[in-house]
Amino acid sequence: MDWLERSWRPVLLLVACLAVWQLVTTTGLIAPYLVPSPAATLDVLVEKQAYIWHHTWVTTYETVLGFLIAAVVGVLAAVAMVYSATIEKTLYPILLFAQVVPKIAIAPLFVVWLGFGLVPKVLVAVLIAFFPVVISMVTGLKSVDTEMLELASTMGGGPLKTFVKIRFPASLPHLFAGLKVAVTLAVTGAVVGEFVGANEGLGFVILQANGNIDTPMLFAGLIVMSLVGVLLFVLLELAERFMLPWHVSRRTSAVTTTI
Amino acid sequence: MTVTVGTAAVEIDSVAVHFRSKKIDVTALREVSLDVAPGEFVSIVGPSGCGKSTLLKLVSGLLKPSSGKVRLLGDVVTGPRHDIGYVFQRAALLEWRSARRNILLQAEMRGMPDAGKRADELIEMTGLRGFEDALPHELSGGMQQRVALCRALLHRPRVLLMDEPFGALDALTREQMNVELHRIWRETGTTVLLVTHSIAESVYLSNRVVVMTPRPGAVQEIIDVDLPVERDYSETMALPKFSTAAAHIRELLGASMRP
């Protein structure tokens, strides 16, 4: 089995980490209020599952919404920049500057402007996830063979057909690489948005647990948050496999499992 | 579009090309004139950088001459022409399309209906039968180039431009492709303009061979090759006419490379 061959190593490492975790907590090497045991963490995950589910759903919703907006806007911006030198010259420096500004530092401002609801979280997620999408899409669109484009112009299909049949599909492998980075960043964005002001979501759960020195809940929140990121990443990989079988089949499996 | 019977398929009339970059001005072609009759097979040989490829781009309209005029099928070339077929050194195939769908790209870009039958004919003619559904990376270099040739011939262009089409192939495959190209040329009656580095290839395939000078390129001499229409490869190679022509071209190229 291909997936078994690829996954036994990381699974083994994970099991080893869990064993060490169990060991240091049960031997009392580290106090339970600092690091809870795996069992205690699991207890919280099971007992408070309704509570955790609710907040996980909120964070996932914010993340996916932010990611989708970033993907659409990012792709459109990239297309505009590749097709118009003027737009590229105007937009690119601003994009670069926007990327340099620490988005985490802007988050509080969004709360002031937009309140404690959904919008500021989605906005932070969009801002963080947007950049890798634009960069990868621009690279993808520019990676098309000049000879292929010259051929297209002798075929007389016009710019729209050339885009739909040649340029866009050719850019998809690059785009997917960017989307995979973007989706993991979007989770961070949503949680940061929740940190600065929220009454729901996993960021809120973690802040509350932090205030109560409830480390099992803190750990539970962290684990669930990571799982959300992993799940979204895997979904994108599956989408890539489905949409670009010609590309995925050409990569070695080592590349497939790394980000 | 009006084409007067008897006019040349391609008329290159004292054309010059200068490239201007920030640092240097390069003259790629100075004063080139050449007429190619309908149905004729003309090869262009010359030292690297003498502007052979530039000449093909001028004929296709992908490039505009700095001075002089190019006429294709009786009309002055002002922009990319759609009534030609183009084959590059690299096959320039779309990775995500099967061989057959790569050939049909030509039809899709042009909005040509019912091109499937024509594609199958060409697949048969070039020996691609059985490889229709293979993706480009599953094909050998020679097979990929056959696909590119089929794509270039799909719309029955009256002029076929080939820029070092077999330059990346091994010697044996190249000979096979030469034999096939010659047969296809006889069967289709297309006018062919071929750029090549191989003297043997140029003599074997052509009615006339144009020998160019080093950059800035100009026509050094045009050699009439008077070989039988039906040509067996090894028999042709052994003909005194063949070796005389080849030796003459080699001498011209050698002479032009001397300081």
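Student: Would you mind going over the interface of chain A and chain B with me for this structure?
Tutor: Frequently, the measure chosen for interface size is the accessible area that the parts lose on association. The interface is formed by 20 residues belonging to chain A together with 23 residues belonging to chain B. Of the roughly 2,200 Å² buried where chain A meets chain B, counting both sides, 64% is carbon and sulfur surface. Of all residues in chain A, Thr154, Met155 and Trp246 of chain A give up the largest surface area on contact with chain B, accounting jointly for 31% of the area buried on that side. The interface formed by chain A and chain B contains three salt bridges. Between Lys57 of chain B and Glu150 of chain A there is a salt bridge whose closest N-O contact spans 3.2 Å. Across the contact surface, chain A and chain B share six residue pairs in polar contact (both at pLDDT 80 or more). Of all the elements in the fold, those that place two or more residues in the side of chain A that touches chain B are α7 (146-155) and α8 (158-196) of chain A. Tallying contributions element by element places α7 of chain A first for the side of chain A that touches chain B, with eight residues. Looking at the side of chain A that touches chain B residue by residue, the class counts come to eight nonpolar, six polar and six charged.

Student: Sorry if this is basic, but what is going on with the confidence of the model for chain A here?
Tutor: A low pLDDT means the predicted coordinates there should not be read in detail. All names here are of chain A. When pLDDT is averaged across chain A, the result is 89; 95% of the residues are at 70 or more. Of all helices and strands in chain A, the one with the weakest mean pLDDT is helix α12 (residues 253-256) (43), whereas helix α3 (residues 49-83) scores best (95). Low pLDDT, under 50, characterises residues 253-259; the predicted model gives this stretch six contacts beyond four residues in sequence or across chains.

Student: Looking at this structure, how should I read helix α4 (residues 141-153) of chain B?
Tutor: An α-helical turn contains 3.6 residues, so any two residues separated by three or four positions project in the same direction. With 13 residues, α4 of chain B extends 18 Å from end C-alpha to end C-alpha; this agrees with the ideal 18 Å at 1.5 Å per step. With eleven of 13 residues buried, α4 of chain B lies mostly within the body of the structure. Within α4 of chain B, burial applies to Gly142, Met143, Gln145, Arg146, Val147, Ala148, Leu149, Cys150, Arg151, Ala152 and Leu153 of chain B. Residues of α4 of chain B that are buried sit in contact with α7 of chain A together with β6 (84-87), α2 (99-110), α3 (116-125), β7 (159-163) and α5 (171-188) of chain B.

Student: Help me out: how do you make sense of the side chain of Glu164 of chain B in this one?
Tutor: Tracing the backbone through its elements, the reader meets Glu164 of chain B in the loop between β7 and α5. Buried charge without a salt bridge: Glu164 of chain B, with Arg174 of chain B as the nearest opposite-charge side chain at an N-O distance of 4.4 Å.

Student: Just to check I follow, could you spell out the side chain of Gln106 of chain B for this structure?
Tutor: On the secondary structure map, Gln106 of chain B appears in helix α2. Within the local environment of Gln106 of chain B, its side chain forms a polar contact with the side chain of Arg110 of chain B, the two groups lying 2.7 Å apart.

Student: Honestly, the domain arrangement of chain B in this entry has me stumped. Any pointers?
Tutor: All names here are of chain B. As assigned here, chain B comprises domain 1 (1-83 + 157-259) and domain 2 (93-155). Taking only C-alpha atoms, the centre of domain 1 and the centre of domain 2 are 25 Å apart. Tallying the contact residues gives 16 residues for domain 1 and eleven residues for domain 2. Of all residues in domain 1, the largest losses of buried area upon contact with domain 2 belong to Pro157, Met177 and Ile184, amounting jointly to 37% of the total for that side. Run the count over domain 1 and domain 2 and you get one salt bridge. As a salt-bridge pair, Glu180 and Arg146 come within 2.9 Å of each other at their nearest N and O atoms. Summed over the shared surface of domain 1 and domain 2, the number is four residue pairs in polar contact (both at pLDDT 80 or more). The element best represented in the side of domain 1 that touches domain 2 is α5, accounting for nine residues. Of the residues belonging to the side of domain 1 that touches domain 2, the class tally is nine nonpolar, four polar and three charged.

Student: Is there a simple way to think about the packing of aromatic side chains in this case?
Tutor: Each aromatic ring pair is specified by the distance between its two centres and by the angle formed by the two planes. All names here are of chain A. Applying the stated criterion across every chain, the model contains nine aromatic pairs over all chains. A ring pair is formed by Trp57 and Tyr61, whose centres lie 6.0 Å apart and whose planes are at 40°; its orientation type is tilted. Here Tyr61 and Trp57 lie together in helix α3, a separation of four residues that amounts to about one turn. Residue Trp57 is classed as exposed on the basis of its relative accessible area, which comes to 54%. Assessed through its relative accessible area of 42%, Tyr61 is described here as partly exposed. Ring-pair connections join several aromatic residues into one group, and the members of that group are Tyr83, Phe163 and Phe168. One residue, Arg167, lies across the ring of Tyr83, its end atom 5.2 Å from the ring centre.

Student: So what exactly am I meant to see when it comes to the sheet that holds strand β1 (residues 10-20) of chain B here?
Tutor: Residues and elements named next belong to chain B. Strand order in this open sheet of four strands is β2-β1-β4-β5, and the pairing throughout is antiparallel. Every interior strand has two partners, whereas the edge strands, β2 (25-36) and β5 (75-76), have only one. Note: strand β4 (residues 67-72) against β5, two bridges, orientation antiparallel. Bridged to Leu72 within β5 is Asp75. Relative to the sheet, helix α1 (residues 52-60) contacts β1, β2 and β4, its axis offset from that of β1 by approximately 115°.

Student: What am I meant to see in the packing of helix α2 (residues 38-47) of chain A against helix α10 (residues 215-243) of chain A here?
Tutor: Working note: a packed helix pair is described by the angle between its axes plus the distance between those axes. Residue and element names in this part refer to chain A. Packing of α2 against α10 brings their axes to within 8 Å, and their N-to-C directions diverge by 75°. Between α2 and α10, the interaxial angle falls into the category roughly perpendicular. Facing α2, whose interface residues are Ala40, Thr41, Val44 and Leu45, α10 presents Pro216, Met217, Phe219, Ala220, Ile223 and Val224. Per-class residue counts for the contact of α2 with α10 are nine nonpolar, one polar and no charged.

Student: Please explain the sheet that holds strand β9 (residues 208-212) of chain B as it appears in this structure.
Tutor: By way of backbone hydrogen bonds, the strands of a sheet pair with one another, either parallel or antiparallel. Residue and element names in this part refer to chain B. An order of β6-β7-β8-β3-β9-β10 is seen for the six strands of this open sheet, with the pairing classed as mixed. What marks the edges here is a single partner per strand, and that holds for β6 and β10 (219-224). Strand after strand, the sheet turns through a mean of 15° between neighbouring axes, direction not considered. On the sheet, α1 packs against β3 (41-45), β6, β7, β8 (191-195) and β9 and is oriented at approximately 150° with respect to β7. Of the strands in this sheet, β6 and β7 are in contact with α4, which crosses β6 at around 165°.

Thresholds applied
- Residues numbered from 1 in each chain as written.
- Chains lettered and ligands numbered in written order.
- Predicted model: local features only at pLDDT ≥ 70, side-chain atom pairs only at ≥ 80, totals over all residues.
- Heavy atoms only, no water.
- Contact = heavy atoms within 4.5 Å.
- Buried area = accessible area lost by both parts, 1.4 Å probe.
- Salt bridge = Lys/Arg side-chain N within 4 Å of Asp/Glu carboxyl O.
- Polar contact = N/O pair within 3.5 Å; in protein donor to acceptor, adjacent residues only side chain to side chain.
- Helix = DSSP H or I, 4+ residues; strand = E, 2+ residues; numbered from the N terminus.
- Nonpolar A, V, L, I, M, F, W, Y, C, P; charged D, E, K, R; others polar.
- pLDDT = per-residue confidence, 0-100.
- Expected span 1.5 Å × (residues − 1).
- Buried < 20%, exposed > 50% of the residue type's maximum accessible area, 1.4 Å probe, protein only.
- Lys, Arg positive; Asp, Glu negative; His and termini not counted.
- Domains from an automatic or database assignment.
- Phe/Tyr/Trp six-rings, centres within 6.5 Å; stacked < 30°, edge-to-face > 60°.
- Lys NZ or Arg CZ within 6 Å of the ring centre and 35° of its normal.
- Pairing = 2+ DSSP bridges.
- Axes fitted to C-alpha atoms, helices over the stretch in contact; angles between N-to-C directions.
- Parallel < 35°, antiparallel > 145°, perpendicular 65-115°, else oblique.

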